[in-house]
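# Per-entry structural report
Here is what each chain is made of, one letter per residue.
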Amino acid sequence: MPSLAMADQVPWLGRLDCLAARFEAFKSSAFQEPDRKRRQGRFQRILEDICGVVREAEHGASSQLAEVVEEAHELLEACLKYAYSDLGGLSTLNTFAHSDDEPWIDDIMENAGSDIVDEFMRLYTKNLKPGSPAPQLPAFTQIRPWTRSPRPHPLSTRLSRFRPDIVPTATSATPLARAIADARAQLTTDLIPTAYAMSVSSGSSILALACGSGFKARDPILQYYLLGAQPDSHLEGVSMDPGLSSAPQFVATDEGRKLILVADDERIKSFSFASGPNAKVLKRLPNVHTMDSERIYDGPIAVLPNGRVARAGKGKAAIWDLSSPDVQSGPHSSSGSKAHSVVPFADDPSYAPSTWHLHSPTSRLICGERAARSGGYSCIALDLEHGGRRAARYLGHGGDVVRITTSPGDPNLFATAASDGYARLFDVRRPLPVLTIETGIQREGCADVVLVHPDGIPTLFTGGDRTQQIKMWDLREQECVYELSTGNNAVSAMAWDDVRSSLFVATTCPYVNRFGERVGYRRARIPTWATWASVEREYKAYNVDGGAGAQGRGRRVSVKVTKAGDVREDDDDEDDERGYYDMDDDEEEDVEDEIDEAYSADMRWPEKCFHKENYFGYAYDAGEHVLFRWHFKEEPDITQLPASTTSDY
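Quick caveat: nothing in here was measured; it's all calculated off a predicted structure. (Residues numbered from 1 in each chain as written. Predicted model: local features only at pLDDT ≥ 70, side-chain atom pairs only at ≥ 80, totals over all residues. Heavy atoms only, no water.)

## Remarks on the overall build of the protein chain
- Across its full length, the protein chain holds 9 helices and 34 strands.
- Buried residues in the protein chain amount to 57% of all 649 residues.
- Taking the contacts inside the protein chain whose residues are at least 6 apart along the sequence as the reference set, 62% of them involve residues at least 24 apart. (Helix = DSSP H or I, 4+ residues; strand = E, 2+ residues; numbered from the N terminus. Buried < 20%, exposed > 50% of the residue type's maximum accessible area, 1.4 Å probe, protein only. Contact = heavy atoms within 4.5 Å.)

Spelled out as structure tokens, the structure:
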């Protein structure tokens, strides 16, 4: 490593000044470049070179690193604002903060959504070439049916789709991580209102959702689930009116004080989930605190150490002390108590976080902003305990930072989800991402991220909006292992129950209009192998032949499903210890799926969804806003599946 003296001889700030001049020259000459792709490539290299200067200054241990990061941030912000302006003419950008040592990874199974392309081809033929057969789909949209995809374990859920030739880190020495890598998960669901935010308390006692119902989802709803009392077979939630003026956009939980906090633009209200005299939690949670945000502090909320609640505004944060007797509780008409203190953001009076997450080891808030709210795309660590100063800045986002998550498994890591379609993994001690993950396709935003460390193995779940799925990433292997179905719903929020190894996913059905009516459905075409009856036959075969039968559960048996829906057992004596396999090269050629006409007659499927009926091993359409619980365990019941949308709706 270069010495400190040598590092400071490098004119880092001068190099950034040169890049700023290069950016100005690019703006002056951009319209003289007729090749749009080449023009965008020139702009992309400027962004990459800015991050390259920061990386070199960091590796060189420059004493000017903080100043270099700040100047690089200002230059990147100027570039991004230009790119998304009418002059720049860009709607998306490729990642620009990766390197060979801090790589960019993507899903090897990228596709364009065959159902969407299929619908386009049908309309194209109908309008421009009536009477002609629809042309064959382009090769990049032709996805093999689920029966032609790998499956590592007979108890891998039918609502998963594995990537070929991927061997995750987990082994038999890490049983929970292996169950997650196998997608051995038991699914339970519940119908919910439109969910805007979700929180699991730190001790996994309760799951709380900030929701809206009624016309345009304007009516405020607090939905909660006592996690220790949930049965395996279904979810039992409680929906209640929190007495706010509008639908809450933010929710937080306080495990120590047994509180849920929900907030609209005007107020924050807390509700107690502590047990009463009969050792039971009241169904309608009692209101404990009401706090007046004055329509000034209308950003995210956070529970701070020592019984305090913080809420962000523009350039400052309001703080309430929950132990203070003047924090009002009472009727819905009460406006609540004013903040006990206000902490200005010392380094930027215009900064307005749109999301933040408490980093417990440092008690700092890792914050992200949205351009529509504050005009920028920055991510910082904010220290409210020391005058609201900026403790660190994190570069590399090309869009709004929409979610931030941490994991107790590694105190130095956090992950972000951004509207530019990337999840990013950061080390709190470094200004640039250590890993950049392209989570979707067609530049869709990354809706949410969950970072966990089962058996110490770093694992990331990412949620898709238009791609209507959850992806599981092995961060050591730097690969997408599989995706989980959301029943053709968009992901709204995700949360992890660490005590029960369960992933909660709140989803929104895009085929329900503002009046609550389903629109845009067609008759389903469900293969014989994608029915619930086929799942049941497979599960019985596993239990008889490879599971609880005379041969015991020690023998690893791969149960494969044929296109006719029959179950076939393969004794995988040659499987490696992890049990992963791909489809044999000499298996049957792709043929048209055999459709179960009788079963399909009553079933419906969205006309413009991302996945066809044959993409997963069970054809499931939610048709409603749904909360999913994926409970990962060694022996899940894979027949426990929700009913799909029928004609009787």
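After presenting the structure, the write-up continues.
## Notes on the sheet that holds strand β17 (residues 364–368)
- The strand order β16-β17-β18-β19 describes an open sheet built from 4 strands, whose pairing is antiparallel. The sheet is open, and its two borders are formed by β16 (355–359) and β19 (389–394), each paired with just one other strand. Strand-to-strand twist across the sheet, computed as the mean angle between neighbouring axes with direction ignored, equals 25 degrees.
- In this sheet, β17 lies alongside β16 in antiparallel orientation, the contact comprising 5 bridges. Opposite His357, over in β17, you have Ile366 as the bridge partner. (Pairing = 2+ DSSP bridges. Axes fitted to C-alpha atoms, helices over the stretch in contact; angles between N-to-C directions.)

## Considerations on the sheet that holds strand β34 (residues 626–632)
- If you trace the 4 strands from one edge of the open sheet to the other, you get β3-β34-β29-β28, paired in antiparallel fashion. The outermost strands of the open sheet, each flanked by one partner alone, are β3 (185–191) and β28 (490–497). Averaged over all neighbouring strand pairs, the angle between strand axes comes to 20 degrees, with direction disregarded.
- Examined bridge by bridge, β3 and β34 share 7 bridges and lie antiparallel to one another. Opposite Gln186, over in β34, you have His631 as the bridge partner.

## Remarks on the pairing of strand β23 (residues 435–438)
- Residues Leu435 and Ile437 of β23 are buried on one face, and the alternating residues Thr436 and Glu438, pointing to the opposite face, are buried as well.
- Looking at chain direction, strand β22 (residues 422–427) and β23 are connected through 4 bridges and run antiparallel. Its bridge partner being in β23, Leu425 is matched across the sheet by Leu435.

## Thoughts on the pattern of salt bridges
- Taken as a whole and assessed by the stated rule, the structure comprises 30 salt bridges.
- The partner of Glu266 in a salt bridge is Arg295, and the shortest N-O contact between them spans 2.7 Å. One end of the pair, Glu266, is in the loop between β9 (259–263) and β10 (267–272); the other, Arg295, is in the loop between β11 (287–292) and β12 (301–304), and 29 residues separate them in sequence.
- Using a relative accessible area of 54% as the deciding quantity, one classes Arg295 as exposed.
- Linked by salt bridges that have partners in common, Arg55, Glu58, Glu102 and Arg430 make up one network. (Salt bridge = Lys/Arg side-chain N within 4 Å of Asp/Glu carboxyl O.)

## Looking at helix α3 (residues 36–59)
- With 24 residues, α3 should cover 34 Å at 1.5 Å per step; its first-to-last C-alpha distance of 35 Å lies within 8% of that length.
- For α3, the N-terminal capping position is held by Asp35, with its side-chain oxygen 3.0 Å away from the main-chain nitrogen of Lys37.
- Remark: Ala61 follows α3 within two positions and exhibits a positive phi of approximately 55 degrees. (Expected span 1.5 Å × (residues − 1). Polar contact = N/O pair within 3.5 Å; in protein donor to acceptor, adjacent residues only side chain to side chain.)

## Structural notes on the nonpolar core
- Formed by 41 residues in total, the largest nonpolar core has its most connected members in Phe461, Ile470, Tyr482, Leu503, Trp630 and Phe632.
- The greatest single-element share of this core, amounting to 4 residues, is contributed by β34.
- Excluding anything up to four places from it in sequence, Leu503 contacts Val450, Phe461, Ile470, Ala495, Trp496, Phe628, Arg629, Trp630 and Phe632.
- Counting 31 residues, the second largest nonpolar core, distinct from the first, contains Leu19, Phe26, Ala72 and Ala83. (Core = buried A, V, L, I, M, F, W, Y, C linked by side-chain atoms within 4.5 Å.)

## Some remarks on the environment of Gly89
- Within the secondary structure layout, Gly89 lies in the loop between α4 (65–83) and β1 (104–106).
- Those residues in contact with Gly89 that sit more than four places away from it in its chain are Arg36 and Ala83.

## Here we look at the packing of aromatic side chains
- Tallied over the full model, the rule gives 20 aromatic pairs.
- Ring centres of Phe414 and Phe426 lie 5.1 Å apart, and the angle between their planes is 10 degrees; on these two criteria the pair is classed as stacked. One end of the pair, Phe414, is in strand β21 (residues 413–418); the other, Phe426, is in strand β22, with 12 residues separating them in the sequence.
- By way of ring pairs, the aromatic residues Phe23, Phe26, Phe43 and Tyr82 are connected into one cluster.
- In this arrangement the basic side chain of Arg161 is found over the ring face of Tyr615, its NZ or CZ atom lying 4.6 Å from the centre. (Phe/Tyr/Trp six-rings, centres within 6.5 Å; stacked < 30°, edge-to-face > 60°. Lys NZ or Arg CZ within 6 Å of the ring centre and 35° of its normal.)

## Focus: the environment of Asp292
- When you line up the elements, Asp292 lands in strand β11.
- C-alpha separation for the pair Asp292 and Val327, spaced 35 residues apart in sequence, amounts to 9.5 Å.
- Dropping the residues within four chain positions of it, Asp292 is found in contact with Glu266, Arg267, Trp320, Ser335, Gly336, Ser337 and Lys338.
- A distance of 3.0 Å separates a polar atom in the side chain of Asp292 from a polar atom in the side chain of Lys338.

## A short note on unusual backbone geometry
- Positive phi, close to 55 degrees, is recorded for Ala183, a residue that is not glycine.
- Inspection of the secondary structure assignment puts Ala183 in the loop between α6 (175–181) and β3.
- In this structure Ala183 comes out as buried when scored by relative accessible area, which is 0%.

## Some words on the packing of α3 against α4
- Where α3 contacts α4, the axes come no closer than 10 Å and their chain directions differ by 170 degrees. When the axes of α3 and α4 are compared, the pair comes out roughly antiparallel. Two secondary-structure elements touch here, α3 through Phe43, Ile46, Leu47, Ile50, Cys51, Val53, Val54, Ala57 and Glu58 and α4 through Leu65, Val68, Val69, Ala72, Leu75, Leu76, Cys79, Tyr82 and Ala83.
- In terms of residue class, the contact of α3 with α4 is built from 17 nonpolar, no polar and 1 charged. (Parallel < 35°, antiparallel > 145°, perpendicular 65-115°, else oblique. Nonpolar A, V, L, I, M, F, W, Y, C, P; charged D, E, K, R; others polar.)

## Some points on the packing of helix α2 (residues 12–29) against α3
- Packing of α2 against α3 brings their axes to within 10 Å, and their N-to-C directions diverge by 170 degrees. When the interaxial angle is binned, α2 and α3 end up roughly antiparallel. For the pair α2 and α3, contact is made by Trp12, Arg15, Leu16, Leu19, Arg22, Phe23, Phe26 and Ser29 and by Arg39, Arg42, Phe43, Arg45, Ile46, Asp49, Ile50, Val53, Glu56 and Ala57, respectively.
- Residue classes in the contact of α2 with α3 are distributed as 10 nonpolar, 1 polar and 7 charged.

It is worth stressing that arrangement in space is one thing and function is another; only the former is reported here.
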